[in-house]
Amino acid sequence: MAESAATPAEHEGHDEHHEQSFWSKYVFSTDHKMIAMQYMFTGMFMALIGGFFAYAFRMQLAFPGMEVPGFGLVSPTDYNSLVTNHGTIMIFWVAMPVLIAAFGNYLIPLMLGCDDMVFPRLNRLSYQIFLLSAVVLLASFFVEGGAFGGAWTAYPPLSSKAEYSLTPLGSSIWLVAVALEFVAFLLGGINFITTAMNSRAPGMKMYDVPMVVWMIVVASILFMASVGPLIAGAVMLFMDQNIGTAFFDPNRGGDPVLWQHLFWFFGHPEVYVVLLPAMGIVAEIITVFSRKKLFAYKTVLYTVFGTGVLSFTVWAHHQFIAGIDPRMANIFTVTTLLISIPIAEMCFVYVATLYGGSITLSTPMLWALAFLGEFLIGGVTGIFLGASGADIYFHDTYFVLAHFHYTFFPIAIIGTFAGVTYWFPKMFGRMMNETLGKIHFWGTIIPFNFIFIPLFVLGAAGQHRRIYSYEHFPELALPWMQSLRELATIALVIMLAFQVVFFINFYISLRRGKKAGKNPFKANTLEWITESPPPHGNFGAELPTVYRGPYEYSHPDRDEDYWPQNVPG
Ligand SMILES: [Cu+2]
């Protein structure tokens, strides 16, 4: 029996009748908005750590052997664990909690016109397990031997044998932290899917659901369907690490490539687990700031479903040179090239939505447009890597690294900034400062390209990943290459410095931003019909009824250029 949230009436005056203690307001709150904020701020905190790690190891690459300000000398072991945990943190403790858990928690009940998630207490538990997983991961930096340094893909035997990893304790703690994080998102996914399927406002049909909600629901299904084999793999790896089993030990009949299959069977759908919510955020923003309906809503929806299915058919493109059967490589080349079609189609649909629109270049819109532009570079360069023939050359080079930063940075960072700058007025009741917003935008986007374009060049020149220093590889220690490494690092430092502008804007706007009112951007989806910030229970005494789909802008039958979903007619 679903522990269904209280009826709207029961929320009435809920906050007022007694001052809530710190514990009930923050630690044990089951309000989806509070839980969303906690996921968001935890994700932002982890992004600072992940960004600092990138700064430290990039300083080592650009200025080998130098004392890094704020870190000290980066040793080879440090380098390995900084790179490993930069990747791990950015994907599992930044992209996932912010794009799925924070925006999912905040938006789903508000956009569906209900008062909370179907399972509020399970929601609270999912955040508590997530927080525990972050603490466990960071604790691994303080154990004997230090944090895991065997790469975020944790390939055995490097990850399973203490004599190789040199961080036996760190390796196992890393594994436990990731497994806990997976449990938190399994619990979260149950809430997102059941709430979207069971708690829509009266009158809201499946095609009336805003695209970002659908994208988060499909992302949750992909996560739940792909993570099982990896959890089984993690148990096997933990046993290899600690009780001497040999699942992945080729000397004793095990198979290290088995781990690669289990990892990437999850790892590639995981790309869409974080991509889809970001694309959903972009859909909300480009319709509002071009005053146009989303072009071909149903086509996009079916394309999302199709992409979800296809995402389970491409995983071995990560293993073209791992010794898999070349005939299999051909099949995975075809499926990989196939999956670029629906993604390209969605990008075209977004461009078609913009076409002929009356576009306002607000900060959220700039981020949404930057997402499309930068992600396109990621997508196109992925085609090179999807072709097994070309990948034999590019595999494990900086070309791959630049490629997935042109997909993941637009997803995790640009997607987050787009969503935060768009929904900040709803979340906090005040407007963000547009001037500071635009300074932060350009101070992030321009340096970003100066970090990764040089890495494409270095990768094409054969520079391999995960190497502490290139002094031992004369063909990679050429002066022009070192200059590109320095350029990439300096651009990174500049980009990180500009993030200060974002935090200043966030803090000042929180306290002194212009009052936002209910609907500052004149958007038609339901989160904008209630107060900013929304009260506990979201819509006061009466939940809304829905009469039309999302994104009704510039409708010929209406004077106003937007038609809220809850206004009849
Ligand atoms: Cu992949």
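Thresholds applied
- Residues numbered from 1 in each chain as written.
- Predicted model: local features only at pLDDT ≥ 70, side-chain atom pairs only at ≥ 80, totals over all residues.
- Heavy atoms only, no water.
- Donors = N, O, S within 2.8 Å, 3.2 Å for Na, K, Ca; no water.
- Helix = DSSP H or I, 4+ residues; strand = E, 2+ residues; numbered from the N terminus.
- Buried < 20%, exposed > 50% of the residue type's maximum accessible area, 1.4 Å probe, protein only.
- Phe/Tyr/Trp six-rings, centres within 6.5 Å; stacked < 30°, edge-to-face > 60°.
- Lys NZ or Arg CZ within 6 Å of the ring centre and 35° of its normal.
- Expected span 1.5 Å × (residues − 1).
- Bend = angle between axes of the 7 residues up to and from the residue.
- Salt bridge = Lys/Arg side-chain N within 4 Å of Asp/Glu carboxyl O.
- Axes fitted to C-alpha atoms, helices over the stretch in contact; angles between N-to-C directions.
- Parallel < 35°, antiparallel > 145°, perpendicular 65-115°, else oblique.
- Left-handed = near helix turned anticlockwise from the far one by under 90°.
- Contact = heavy atoms within 4.5 Å.
- Nonpolar A, V, L, I, M, F, W, Y, C, P; charged D, E, K, R; others polar.
- pLDDT = per-residue confidence, 0-100.
- Core = buried A, V, L, I, M, F, W, Y, C linked by side-chain atoms within 4.5 Å.

**Concerning the coordination of the copper ion**
Geometry sets the ideal angles at a metal, namely 109.5 degrees for four tetrahedral donors and 90 or 180 degrees for six octahedral donors. Looking at the metal site, the copper ion is ligated by His268 (ND1), His317 (NE2) and His318 (NE2), spaced 1.9 to 2.0 Å from it. Mapped onto the sequence, the residues coordinating the copper ion show the spacing H-x48-H-H. One end of the pair, His268, is in helix 9 (residues 256-288); the other, His318, is in the loop between helix 10 (297-310) and helix 11 (326-354), with 50 residues separating them in the sequence. Its relative accessible area of 7% is what places His268 among the buried residues.

**A few points about unusual backbone geometry**
Look at the link from Pro156 to Pro157: it is a cis peptide, with omega at 5 degrees. The topology assignment puts Pro157 in the loop between helix 5 (120-139) and helix 6 (162-165). Between Ser532 and the following residue, Pro533, the backbone shows a cis peptide bond with an omega angle of -15 degrees. In this structure, Pro533 sits in the segment after helix 16 (479-512). At Ala151, a residue that is not glycine, the phi angle is positive and equals roughly 80 degrees. Topologically, Ala151 is positioned in the loop between helix 5 and helix 6. Residue Ala151 is classed as buried on the basis of its relative accessible area of 9%. In the Ramachandran plot, Asp396 falls in the positive-phi region, its phi being about 65 degrees despite a non-glycine side chain. Summarising the element assignment, Asp396 is placed in the loop between helix 13 (388-394) and helix 14 (398-428).

**Brief notes about the packing of aromatic side chains**
This model, assessed by the stated rule, comprises 62 aromatic pairs. Aromatic side chains Phe185 and Phe223 sit 6.2 Å apart centroid to centroid with 65 degrees between the ring planes, which places their arrangement in the edge-to-face category. Note that Phe185 is positioned in helix 7 (residues 168-198) and Phe223 in helix 8 (residues 211-242), a separation of 38 residues in sequence. Like Phe185, the residue Phe223 is buried in the burial classification. Here Phe441 and Trp442 contribute two aromatic rings whose centre-to-centre distance is 4.8 Å and whose plane-to-plane angle is 80 degrees, an arrangement assigned as edge-to-face. In this structure, Arg485 packs its charged tip against the face of Tyr470, placed 4.2 Å from the ring centre.

**Brief notes about helix 4 (residues 76-112)**
The terminal C-alpha atoms of helix 4 lie 51 Å apart, and with 37 residues this matches the ideal 54 Å at 1.5 Å per residue to within 8%. Along helix 4, the sharpest change in direction is near 45 degrees and occurs at Pro97. For helix 4, the buried fraction is high: 32 of the 37 residues fall into the buried class. Taken from the residues just after helix 4, Gly113 is the one with a positive phi, measuring 75 degrees.

**Structural notes on the pattern of salt bridges**
In the structure shown here, the tally under the stated rule is eight salt bridges. Put simply, Asp249 and Arg252 hold a salt bridge, and the shortest N to O gap is 3.2 Å. Residue classification places Asp249 among the buried positions, given a relative accessible area of 5%. Across the salt bridge formed by Asp325 and Arg327, the nearest N and O atoms sit 2.5 Å from each other. Judged by relative accessible area, Asp325 falls into the partly exposed class, the value being 29%. Judged by relative accessible area, which is 62%, Arg327 ranks as exposed.

**Let's talk about the packing of helix 9 against helix 14**
Where helix 9 contacts helix 14, the axes come no closer than 9 Å and their chain directions differ by 40 degrees. Judged by the angle between their axes, helix 9 and helix 14 are oblique. The handedness of the crossing between helix 9 and helix 14 comes out as left-handed. Counting all contacts with helix 9, which are made through Val271, Val274, Leu275, Ala278, Ile281, Glu284, Ile285 and Val288, the residues of helix 14 involved are Phe408, Ile411, Gly415, Ala418, Gly419, Tyr422 and Trp423. Of the residues in the contact of helix 9 with helix 14, the class split is 12 nonpolar, two polar and one charged.

**Points about helix 8**
Between the first and last C-alpha of helix 8 there are 45 Å, a value that for 32 residues agrees with the 46 Å anticipated at 1.5 Å per step. Along helix 8, the sharpest change in direction is near 40 degrees and occurs at Val227; proline Pro229 comes one to four residues later. One or two positions beyond helix 8, positive phi appears at Gly244, with a value near 70 degrees.

**Remarks on the packing of helix 8 against helix 9**
A pair of packed helices is characterised by two quantities: the angle between their axes and the separation of those axes. It is the contact of helix 8 with helix 9, at a shortest axis distance of 8 Å, that shows an interaxial angle of 160 degrees. Between helix 8 and helix 9, the angle is such that the two are roughly antiparallel. Handedness of the crossing formed by helix 8 with helix 9: left-handed. Looking at the contact of helix 8 with helix 9 residue by residue, the classes come out as 28 nonpolar, three polar and two charged.

**Details of the confidence of the model for the protein chain**
For the protein chain, the mean per-residue pLDDT works out to 94, and 96% of the residues sit at or above 70. The low-confidence segment residues 1-12 (pLDDT under 50) makes 26 contacts with residues lying over four places distant or belonging to another chain.

**Some thoughts on the side chain of Asp249**
With respect to the helices and strands, Asp249 occurs in the loop between helix 8 and helix 9. Apart from the residues lying within four places of it in its own chain, the contact partners of Asp249 are Lys161, Asp240, Gly254 and Asp255.

**Considerations on the nonpolar core**
Among the nonpolar cores identified, the biggest contains 183 residues, and Trp93, Met211, Tyr350 and Phe371 are the most heavily contacted of them. Among the elements that line this core, the one with the most residues is helix 4, at 22 residues.

**Quick notes on the environment of Val300**
The residue Val300 is located in helix 10 in this model. Each C-alpha atom, one on Val300 and one on Ile343, is 9.7 Å from the other, the two residues being 43 residues apart in sequence.

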